[in-house]
Amino acid sequence: MIAQLSRTERQWAAVLAILLALLGLTMAIAARQGPMAVHGFMALALGVGLFIAVGSVLEKPQPATSRLAQYYDDPTKVGIALAMAWGLFAMGIGLWVAALMVWPDATFGHAWMSYGRIRPVHTTGVIFAFGGNALIATSFHVMQRTSRTRLADQLSPWFVLVGYNLFLVWSVTGYMMGVTQSKEYAEPEWYADIWLVVVWVAYLVLYLRTLARRAEPHIYVANWYYLAFIVVVAVLHIVNGFALPVSFAGAKSYTVFSGVQDAMVQWWYGHNAVAFFMTSGFLGMLYYYLPVRSQRPIYSYRLSILSFWGITFFYLWVGSHHLHYTALPHWVQTLGMTFSIMLLVPSWASAGNAIATLNGAWGRVRDDATLRFMFVAAVFYGLSTFEGSFMAIRPVNALSHYTDWTVGHVHSGALGWLAMVTFGAFYSTVPLIWGRKAMYSAQLIEWHFWLALAGLLTYVFSLWNAGITQGLMWRTYNAAGTLNYSFIESIDAMRPYYIARFLGGVLFLAGICVGAVNIWLTVRGVRGQAPDRPLALQGAE
Amino acid sequence: MSKIERDPVTGYTTTGHDWNGIKELNSPIPRAVIIFIIVTHLAALIGWILLPTWPLGRTFTKGVLEVDQKTDLAADIAAANTARADWMARMATLDFDAIRADPDLMARALETAAPLFGQNCEPCHGKNGIGGPGFPQLSDNAWIWGGTSEDISKTITVGINSAHPDSRFAQMPAFGRDEMLDRTQIGMMTSYVQSLSNGFIANDPSEAATLFQDNCAACHGEDARGVEGTGALNLTDAAWIYGGDAASIWQTLMNGREGHMPTWQSRLSTADIRMLALYVEAMPGKLQ
């Protein structure tokens, strides 16, 4: 794989590996002990490992120029493998977190196993590790096909992929060691945050350079969404990450914002992480793989434009709906609520555009589980966005806020939308880029689909019930004019729902296990002929 | 760029864009979408007119309704307090016998105290007051500081070993650590204290009984039945705070104990405390 890099690229790769090792060494020396030193040693080990790997092929001959007549899919292959590995890990941890809600003593007295530490491991693992690797991998695939050009170079995709995964490993191992910024979905500390900025800028530059080489006159919708994902996530991450380290030799830092401003910035970030990471990026995925798999034209170009700009504009206003009935001024809450209502139509226009695209291909939806994954994803995208706008209405939020309804809502999005569309995209891509005729087993895709759907429905129905029950218990007054239930009674009442949610998680995890086996067997299988989309005539690199 | 085609399924033409085989239809935006855009935007507009919404430099648009969450909340709380004012005042001032004699007031007290107990007492004293290591059981008839509403309300108000100036105070000395008894004697006393649960034997000539009379009887009484209101436990019943097994008793004798119950005076109103006292007083009967 490394031998596919040109000699110049290999030399640069060696230089980057040395720089990474030096960075790790500097961190370890500066910190001397504690999590930052551990992370420094990780970077050092990775840098040395990469240098050895690159160095062993440094003097090998240049790769054949015939590579320029093909798309560059090696990073996509590795990205898909990483996404599946992270998915298994993070969903497994999620199941454990769900088990802790039923059997709270299952931490066995170890701090790193406690709920507060493994819960962010689960959320980061699913959203940023499983989802992020899936987005990076598919974006490399999609931008090449829709631009009919090769990636702008062969080295920067590796920098993005390896760098991003180093960030993830730092994050996840940091949580277990007790490192956290205490900002939901933005827990990693300052050095990991800075590192992510470097990686993300490299990603943006690679994307723009590749788009600039496109052989198509227009930029396809999927690329609008991927670009919005890359650009806005950078802005969100940088602003929410403004923090002062206590010392450059330690992991702890404090945010520069204070009080309700901090809360507002955090939820402006938090909600738009949902919008531009979990929505925009995956819409890019859907907009490519759905028409390709269903062999149908996109139902409406105008709806694409309307929903893209609607989503991009309105989402940035709605973060304050996470802070209803708090110290946040009332007027900011009204803004968040009303923009959430206006956001509904552009969101539904996307879902509707996807579903209407399937007109004329319903037979395929019935017969092809891969396409069915994407269809269900579009349906759950529509359901989740409706639910989200509904929950943003203040009086509704008064019932739903702080309950497990919120958790159910997030999972209807994460399992029903994000994971489903990713599996559809992976099952479409894997045979193609590994040069196989089809996935190893269509039957296993069916199994995965039904396990995932059963798990998803079990999960969200149990948490809808749990959340509404909690919300009602917390607001029930008795005849004497006092709250009727103590908090602990509402916890007691959750037990059956938490057990059901755990079982839902078991089913969903079983599904991705089946998927991982199927992908593994496909990759290991006999090489066939898979027709790829043509590449435009390439100039020399 | 490909040519414009007509899609046979929908009847619409394509836009002419072609991305490596992906095409788009030039279909109009469905009427329903436009109607829903108008409806949602009108809803937002109505919200902006009625509610505080847009910032204007140092102030903001107040909205026709002139609502504000802070004043709304204050009004809600005031209204709720007014509705309860009459009977809550009686709860705070009548003596306990008078409250017990008023079935309506008593029903309100027990109904209100149940969630209060769940929020404030249950984290230590357990569900239904079953207690746990370090936290006395409230649902039995063994009381350390007294089991009447009067006693209980005082305990809740001032706490035990708390920061309250009138706090109840109790301390079990560290007989082992402070070298008042040696390890052999501690072991002997552990067995003896355990044996007390089967009954106190008067005029016991054993060495352990003598040690008990010399070291423990001053607080726990010559008959080991403790003295209610001093914090000295009755050692002859089945009720324990820190556990009646040999290891726990050994720990208690070796290192002493000094439990802590917070003062609730600043967190709960007088009426709340009195309702809780009535509720806790009634607890033993409820479980049996």
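In what follows, the structure referred to is the one given above.
Rules used throughout
Counting restarts for each chain: residues are numbered from 1 in the order of the written sequence. The lettering of chains begins at A and the numbering of ligands begins at 1, in the order of writing. Restriction of local features to residues with pLDDT of at least 70 applies here, the model being predicted, together with a cutoff of 80 or more for giving and counting side-chain atom pairs; totals for whole chains, interfaces and linings are based on all residues. The side-chain figures draw on all heavy atoms in the structure; neither hydrogens nor water molecules are used. Strands here mean DSSP runs of E at least two residues long; helices mean DSSP runs of H or I at least four residues long; both are numbered from the N terminus. Computation of the radius of gyration draws on C-alpha atoms, with the globule rule given as 2.2 Å multiplied by the number of residues to the power 0.38. Note on charges: Lys and Arg go in the positive column, Asp and Glu in the negative column, and His and the chain ends are not counted at all. One atom stands in for each charge, and that atom is NZ of Lys, CZ of Arg, CG of Asp or CD of Glu. We call two residues contacting when some pair of their heavy atoms lies within 4.5 Å. Summed over both partners, buried area is the accessible surface (1.4 Å probe) that two parts give up on being assembled. Salt bridges are identified by distance alone: a Lys or Arg side-chain nitrogen within 4 Å of an Asp or Glu carboxyl oxygen. Side-chain atoms alone can form a polar contact between residues adjacent in sequence; in general such a contact is a pair of N or O atoms within 3.5 Å, and within protein one must be able to donate a hydrogen while the other accepts it. Following the grouping adopted for this structure description, the nonpolar residues are Ala, Val, Leu, Ile, Met, Phe, Trp, Tyr, Cys and Pro, the charged ones are Asp, Glu, Lys and Arg, and the polar ones are all others, Gly among them. Type-normalised accessible area, obtained with a 1.4 Å probe on protein chains alone, sets the label of each residue: buried when under 20%, exposed when over 50%, and partly exposed for intermediate values. Put simply, a patch holds well-exposed residues, over 30% relative accessible area, that have no salt bridge, with like charges counted together within 9 Å and Val, Leu, Ile, Met, Phe, Trp or Tyr side chains within 5 Å. Each accessible area is a Shrake-Rupley estimate made with a 1.4 Å probe; only the visible protein chains count as cover when residues are assessed. As used here, the term nonpolar core means buried Ala, Val, Leu, Ile, Met, Phe, Trp, Tyr and Cys residues forming a set that is joined through side-chain atoms within 4.5 Å. What counts as an axis is a line fitted to C-alpha atoms, over the stretch in contact for a helix, and the angles between N-to-C directions run from 0 to 180 degrees. Roughly parallel covers angles under 35 degrees, roughly antiparallel covers those over 145, roughly perpendicular covers 65 to 115, and oblique covers all other angles. In this description, one arc is meant: the one made by directions from the helix axis to the C-beta atoms. Whether two aromatic rings pair depends on their centres lying within 6.5 Å, for rings of Phe, Tyr and Trp, where Trp uses its six-membered ring; planes under 30 degrees apart make the pair stacked, over 60 edge-to-face, and the rest tilted. A ring is scored as having a charge over it whenever the NZ atom of a lysine or the CZ atom of an arginine sits within 6 Å of its centre and within 35 degrees of its normal. Should the near helix be turned anticlockwise from the far one by less than a right angle, the crossing is termed left-handed; should it be turned clockwise, right-handed. Strands pair, by our definition, only if DSSP identifies at least two bridges between them.

Moving on: the overall build of chain B. Looking only at helices and strands, one finds 12 helices and 4 strands in chain B. Here the C-alpha atoms of chain B give a radius of gyration of 35 Å, more than 25% beyond the 19 Å that 2.2 N^0.38 yields for 288 residues. The dimensions of chain B, computed from C-alpha atoms along their principal axes, are 115 × 60 × 45 Å. A distance of 13 Å separates the average location of the 21 positive side-chain charges in chain B from that of its 33 negative side-chain charges.

Turning next to the interface of chain A and chain B. On the chain B side, the residues contacting the 54 residues of chain A number 48 residues. Carbon and sulfur atoms supply 64% of the area that chain A and chain B bury against each other, a total of about 4300 Å² over both sides. Inspection of the chain A/chain B interface yields 2 salt bridges. Between B:Lys127 and A:Asp492 there is a salt bridge, with its nearest N and O atoms 2.5 Å apart. On the surface where chain A and chain B come into contact, there are 25 residue pairs in polar contact (both at pLDDT 80 or more). Of all the elements in the fold, those that place two or more residues in the side of chain A that touches chain B are α4 (115-147), α8 (259-294), α9 (301-315), α10 (330-357) and α16 (487-524) of chain A. Among the elements that make up the side of chain A that touches chain B, the one with the highest residue count is α10(A) (11 residues). Residue classes in the side of chain A that touches chain B are distributed as 31 nonpolar, 15 polar and 8 charged.

The next point concerns the pattern of salt bridges. With the rule as written, the count across this model stands at 20 salt bridges over all chains. In this structure, the salt-bridge partner of A:Glu446 is A:Arg372, at a minimum N-O distance of 2.7 Å. Of this pair, A:Glu446 sits in helix α15 (residues 442-475) while A:Arg372 is found in helix α12 (residues 369-391), placing the two residues 74 residues apart along the sequence. Exposure remark for A:Glu446: the relative accessible area of 19% places this residue in the buried category. Where B:Asp104 meets B:Arg108, a salt bridge forms, and the shortest distance between an N and an O atom there is 3.5 Å. Here the residue B:Asp104 and the residue B:Arg108 both occupy positions in helix α4 (residues 103-120), the gap between them amounting to 4 residues, near one helical turn. Overall, the relative accessible area of 41% leaves B:Asp104 in the partly exposed class. A relative accessible area of 24% places B:Arg108 in the partly exposed class.

With that settled, the discussion passes to a nonpolar patch on the surface. All names here are of chain A. Together, Trp12, Val15, Leu16, Ile18, Leu19, Leu22, Leu25, Ile29, Val48, Phe51 and Ile52 line one region of the surface with nonpolar side chains, adding up to about 990 Å² of accessible area. Mapped onto the nonpolar patch, the elements with two or more residues apiece are α1 (7-31) and α2 (35-55). Turning to its location among the elements, leucine 16 is positioned in helix α1.

Our next topic: the nonpolar core. Core analysis: the biggest nonpolar cluster contains 161 residues, and A:Tyr164, A:Trp200, A:Tyr203, A:Phe229, A:Phe277, A:Met285 and A:Phe423 have the highest contact counts within it. A total of 16 residues in this core trace back to one element, the largest contributor, which is α8(A). Ranked by size, the runner-up nonpolar core spans 52 residues in total, among them B:Cys121, B:Leu181, B:Phe212 and B:Tyr279.

Residue and element names in this part refer to chain A. Packing of α4 against helix α5 (residues 156-176) leaves a shortest axis separation of 9 Å and a crossing angle of 175°. The pairing of α4 with α5 is recorded here as roughly antiparallel in orientation. On α5, the residues that touch Arg117, Pro120, Val121, Thr124, Phe128, Ala129, Gly132, Asn133, Ile136 and Phe140 of α4 are Pro157, Val160, Leu161, Tyr164, Asn165, Leu168, Ser171, Val172, Tyr175 and Met176. Each residue belonging to the contact of α4 with α5 can be placed in one class, and the counts come to 14 nonpolar, 5 polar and 1 charged.

Residues and elements named next belong to chain B. Among all positions in helix α8 (residues 207-215), only Ala208, Ala209, Leu211 and Phe212 are buried. All buried residues of α8 fall inside an arc of 160° around its axis, so they share one side. Looking at α8, the residues exposed on the side facing more than 90 degrees away from the buried face are Glu207 and Asp214. Residues of α8 that are buried make contact with α7 (183-196) and α9 (217-220).

Right, let's talk about the packing of aromatic side chains for a bit. What the rule picks out here adds up to 53 aromatic pairs over all chains. Judged by centre distance (5.9 Å) and plane angle (45°), the ring pair of A:Tyr164 and A:Trp200 falls under tilted. You can see A:Tyr164 sitting in helix α5 and its partner A:Trp200 sitting in helix α6 (residues 190-212), a full 36 residues away along the chain. Exposure class is identical for A:Tyr164 and A:Trp200. Each is buried. Taking the centre distance of 4.9 Å and the plane angle of 85° together, the rings of A:Phe449 and A:Trp450 count as edge-to-face. Clustering of aromatic rings is evident, with ring pairs tying together A:Phe128, A:Phe140, A:Tyr164, A:Phe167, A:Trp200, A:Tyr203, A:Tyr207, A:Tyr226, A:Phe229 and A:Phe277. Across the ring face of B:Phe96, the terminal group of B:Arg274 is positioned such that the distance to the ring centre comes to 4.4 Å.

A separate point is the packing of helix α7 (residues 221-240) of chain A against α8(A). All names here are of chain A. One can describe the packing of α7 onto α8 by two numbers: an axis separation of 8 Å at closest approach and a directional angle of 160°. The angle between the axes of α7 and α8 places the two elements in the roughly antiparallel class. As for the relative orientation of α7 and α8, their crossing is left-handed in sense. Taken together, the residues of the contact of α7 with α8 sort by class into 21 nonpolar, 7 polar and no charged.

Moving on, we come to the environment of A:Asn165. All names here are of chain A. Structurally, asparagine 165 is set in helix α5. Between the C-alpha atom of asparagine 165 and that of alanine 354, which follows or precedes it by 189 residues, the distance is 31 Å. Once you skip the residues sitting within four places of it in the chain, asparagine 165 turns out to touch Leu82, Trp86 and Asn133. Within the structure, the side chain of asparagine 165 is placed 2.8 Å from the backbone oxygen of leucine 161, a separation counted as a polar contact.

Residue and element names in this part refer to chain A. Looking at where asparagine 223 falls in the secondary structure, it is placed in helix α7. In this structure asparagine 223 comes out as buried when scored by relative accessible area, which is 0%. A polar contact is formed between the side chain of asparagine 223 and the side chain of threonine 146, at a distance of 2.8 Å. In this structure asparagine 223 touches Val142, Met143, Thr146, Ser147, Tyr207 and Leu211, once residues within four positions along its chain are discounted.

A separate point is the pairing of strand β1 (residues 14-19) of chain B. Residues and elements named next belong to chain B. Counted residue by residue, β1 has 5 buried out of 6 residues, so it is predominantly covered. One ladder, built from 3 bridges, connects β1 with strand β2 (residues 22-25); its direction is antiparallel. Following the sheet pairing, aspartate 18 is matched in β2 by lysine 23. In this antiparallel pair of consecutive strands, β1 and β2, the connection spans 2 residues, and asparagine 20 shows a positive phi of 55°.

Nothing here speaks to function; it is geometry throughout.
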